[in-house]
Amino acid sequence: MGEEGVKNGTFKTFRSKNRKEGRKEGRKIIIQTKAIKVSSGADKTANHIFYGDKNEHIDVLEGSNSQMKDAMRQTKHKYLKYCFHQFKISPKEKLTNEQLRETINKLAQEYKFNPEDITLIEHTKKRADTTASDKHYHLIVPHYQPTQCKALDTKNGFA
């Protein structure tokens, strides 16, 4: 399984299957992507990210459950296969707000989505690697991008 490196400024991503590892100034981030089908509905994903009992703490940083349901309704009207995409961002070290925003903006550039139209949830729970940050993030992006009147650009993704 080969890895393809893409360089955007000093942010480097490595792609292999549904994972990316980003390195910037010694920082390691694993980003997993998953496209959620309209036929699957939003409830299972929403229940996990908003109410998941395996997490010690859940913080809604941006967006809401109703925003995810709106994305579901929009895609049903457009007869699209996917309603939204979930990016799970798992940093090795704790991210500052600026580092998290930079990561989201890099993903927005690559996948061509509006970074203002997202749902962002922070989960706190112990990780298997006890040296890793106890925080990870779920970034939910609507598949249909209303500002562009088209679907999310996933040609470089593995979801």
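Higher on the page you've got the structure.
Here we summarise the structure given alongside this text. (Residues numbered from 1 in each chain as written. Predicted model: local features only at pLDDT ≥ 70, side-chain atom pairs only at ≥ 80, totals over all residues. Heavy atoms only, no water.)

Computed from the structure, the largest pocket encloses a volume of approximately 230 Å³. If you trace the largest pocket, you find it lined by Lys34, Ile36, Lys37, Ser40, Gly41, Lys44, Thr45, Asn47, His48 and Gln86. Sort the elements by how many residues they give to the lining of the largest pocket and helix H1 (residues 43–51) lands first, with four residues. The class makeup of the residues in the lining of the largest pocket is one nonpolar, six polar and three charged. (1 Å grid on protein atoms, 1.4 Å probe; cavity = no way out; pocket = protein on both sides within 12 Å on 5 of 7 lines; lining within 4 Å. Points joined across faces, edges and corners; volume = space filled by probe spheres on them. Helix = DSSP H or I, 4+ residues; strand = E, 2+ residues; numbered from the N terminus. Nonpolar A, V, L, I, M, F, W, Y, C, P; charged D, E, K, R; others polar.)

With that settled, consider the packing of aromatic side chains. One pair of aromatic rings is described through two measures. These are the centre distance and the angle between the planes. Following the criterion strictly, the structure yields three aromatic pairs and no others. Note on Phe50 and Tyr51: the rings are 6.2 Å apart at their centroids and 45 degrees apart in plane angle, and the pair reads as tilted. Here Phe87 and Phe113 contribute two aromatic rings whose centre-to-centre distance is 6.2 Å and whose plane-to-plane angle is 35 degrees, an arrangement assigned as tilted. Residue Phe87 is found in strand S6 (residues 82–91), and its partner Phe113 is found in the loop between helix H3 (97–111) and strand S7 (119–124); the two are separated by 26 residues along the sequence. Its relative accessible area of 4% is what places Phe113 among the buried residues. Taken together, Phe87, Tyr111 and Phe113 form an aromatic cluster joined through their ring pairs. (Phe/Tyr/Trp six-rings, centres within 6.5 Å; stacked < 30°, edge-to-face > 60°. Buried < 20%, exposed > 50% of the residue type's maximum accessible area, 1.4 Å probe, protein only.)

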